[in-house]
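Chain residues, written in single-letter form:
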Amino acid sequence: MKRLYARYPFLDDARKAVEAAEVDLVELVNRDGAAAVDRAVERVDAALREGTIGQPHRRTRVELLSYPIARVLVSLVDEHVLIRKYAHAEAAAARERFEADLSSDTQLKSTSDERLTVDHLLAEFDLTGDVRPAPEGYRIAVGSYLRLSADLDGEEWRLVNRALSNGSVPVEEAELHDLLQQAIRDRITEGLPLSVPDPIAAGLDDAVDSLDESLADRQLSTDFDAVRPDLFPPCVKALLDRVEAGDELNHTGRFTLTAFLTSVGMSPGEVAELSAGDEFNDETIQYQAAHLGENGTGEYPPPSCATMDTFGLCVDKDELCSEIDHPLTYYDERLDASAE
């Protein structure tokens, strides 16, 4: 098994190499694959906690086999947020690696056993005929450009801001790398969640339990880097709209709003300022916020989506609402998407 495949396990040739080795996944996870399973758990857990895939294993075989096991693990956990974070982390790691390969002094016009080239990646994703060098970067066929840039944020990615000519648009080298990273992410996401046979699932029970705990910790985490009201879930925005309109919130609504705002890192004073339209006075709101977010821990998170629905607070649902089960998870995902 080539080191290249361990570095880039999403490659079609890497998949074929695993198939040619006739690896029995049932035996691997149940008897002799502890190292590969441990590395797979590390890949997924690091993706969830840090947005990386951790450090590669020193053994090429273990590193390569950990990739299909990692895909099985995220399928068994079967949470949208985990699948998305995992695919993003794998794609980001692949980009870091291929950019390191491209900056090497080695001849890059052909693929070696150790390095990946842009030509190899273009061929891998059937883009060879769609991308061609240009005086200042590349030009890419508009159809492929639109497909790969669809999930990229920023005005610069809008087609109206590109010089469309003869069916293609210009991109800088770094932008081509952005698009290739998207292609890698799409490849990794493809087919997830997998249908996992029971004998394989049984051998990964402990690993899945570990990842479930990590996911639960992450979903109720208060370690947000920024407070972005524009990314709040619809239910929280609706509560803020009611406050602004001068409506008095009932106990559940007030608790939900205060608990959410403190959980995302707002100070008691900021919560009081944002909730100023409520008939509750500032001192009472600040007291509640300080109590709910005591020591900045946010130990009293807002209710889950199911509880919100029970109390009639789950309103204006959007597409993301159907994929998550907690308002903090919604905000966390929106923050991640914005950062990406």
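Predicted model, so just to flag it, every value in this text is computed and none were measured.

**Brief notes about the sheet that holds strand β1 (residues 131-134)**
Thinking step 1. The three strands lie next to each other as β1-β2-β3, forming an open sheet whose pairing is antiparallel. Among the strands making up the open sheet, the edge pair consists of β1 and β3 (168-171). Across the sheet, the mean angle from the axis of one strand to that of its neighbour is 30°, orientation sign disregarded.
Thinking step 2. Seen against the sheet, helix α8 (residues 142-149) touches β2 (137-141) and β3 and runs at an angle of roughly 95° to β2.

**Examining the pattern of salt bridges**
Thinking step 1. For the coordinates displayed, the defined rule picks out 17 salt bridges.
Thinking step 2. Here E99 and R95 are joined by a salt bridge, their closest N and O atoms 3.1 Å apart. In this pair, E99 and R95 both sit in helix α6 (residues 80-102), four residues apart, roughly one turn of the helix.
Thinking step 3. When its relative accessible area of 30% is taken as the criterion, E99 is described as partly exposed.
Thinking step 4. Since its relative accessible area comes to 14%, R95 is described here as buried.
Thinking step 5. When the shortest N-O distance is used, the salt bridge between R187 and E124 registers 2.9 Å. One end of the pair, R187, is in helix α9 (residues 173-189); the other, E124, is in helix α7 (residues 118-124), and 63 residues separate them in sequence.
Thinking step 6. A relative accessible area of 23% means that R187 is categorised as partly exposed.
Thinking step 7. Among the charged side chains, a network of salt bridges with common partners joins R39, E42, R43, E63 and E90.

**Quick notes on the packing of α6 against α9**
Thinking step 1. Following both chains from N to C, one finds α6 and α9 inclined at 135°, their axes separated by 8 Å at the closest point. Here α6 is positioned oblique relative to α9, judged by the angle of their axes. Classified by chirality, the crossing of α9 by α6 is right-handed. Here I83, Y86, A87, H88, E90, A91, A92, A94, R95, F98, E99 and L102 of α6 come into contact with α9, specifically with A174, H177, D178, L180, Q181, I184, R185, I188 and T189.
Thinking step 2. Residues of the contact of α6 with α9, tallied by class, amount to twelve nonpolar, four polar and five charged.

**Quick look at the pairing of β1**
Thinking step 1. Examined bridge by bridge, β1 and β2 share four bridges and lie antiparallel to one another. The residue bridging R132 from the neighbouring strand is R139, located in β2.
Thinking step 2. In textbook terms, the turn of a hairpin is the stretch between consecutive antiparallel strands, and for β1 and β2 this stretch comprises two residues.

**Thoughts on a negative patch on the surface**
Thinking step 1. A contiguous patch of negative charge, built from D205, D206, D209, D212 and E213, is present on the exposed surface.
Thinking step 2. Structurally, D209 can be placed in helix α11 (residues 205-219).

**What about unusual backbone geometry?**
Thinking step 1. Geometrically, the link from L192 to P193 is a cis peptide bond, its omega value of 0° lying close to zero.
Thinking step 2. Although it is not a glycine, D78 sits at a positive phi angle of roughly 55°.
Thinking step 3. With respect to the helices and strands, D78 occurs in the loop between α5 (60-77) and α6.
Thinking step 4. Owing to a relative accessible area of 45%, D78 belongs among the partly exposed residues under this scheme.

Each value, and the rule that gives it
Residues numbered from 1 in each chain as written. Predicted model: local features only at pLDDT ≥ 70, side-chain atom pairs only at ≥ 80, totals over all residues. Heavy atoms only, no water. Pairing = 2+ DSSP bridges. Helix = DSSP H or I, 4+ residues; strand = E, 2+ residues; numbered from the N terminus. Axes fitted to C-alpha atoms, helices over the stretch in contact; angles between N-to-C directions. Contact = heavy atoms within 4.5 Å. Salt bridge = Lys/Arg side-chain N within 4 Å of Asp/Glu carboxyl O. Buried < 20%, exposed > 50% of the residue type's maximum accessible area, 1.4 Å probe, protein only. Parallel < 35°, antiparallel > 145°, perpendicular 65-115°, else oblique. Left-handed = near helix turned anticlockwise from the far one by under 90°. Nonpolar A, V, L, I, M, F, W, Y, C, P; charged D, E, K, R; others polar. Patch = residues over 30% accessible without salt bridge, like charges linked within 9 Å, V, L, I, M, F, W, Y side chains within 5 Å. Areas by Shrake-Rupley, 256 points an atom, 1.4 Å probe, with all protein chains shown as cover. Lys, Arg positive; Asp, Glu negative; His and termini not counted. Charge placed at Lys NZ, Arg CZ, Asp CG, Glu CD.

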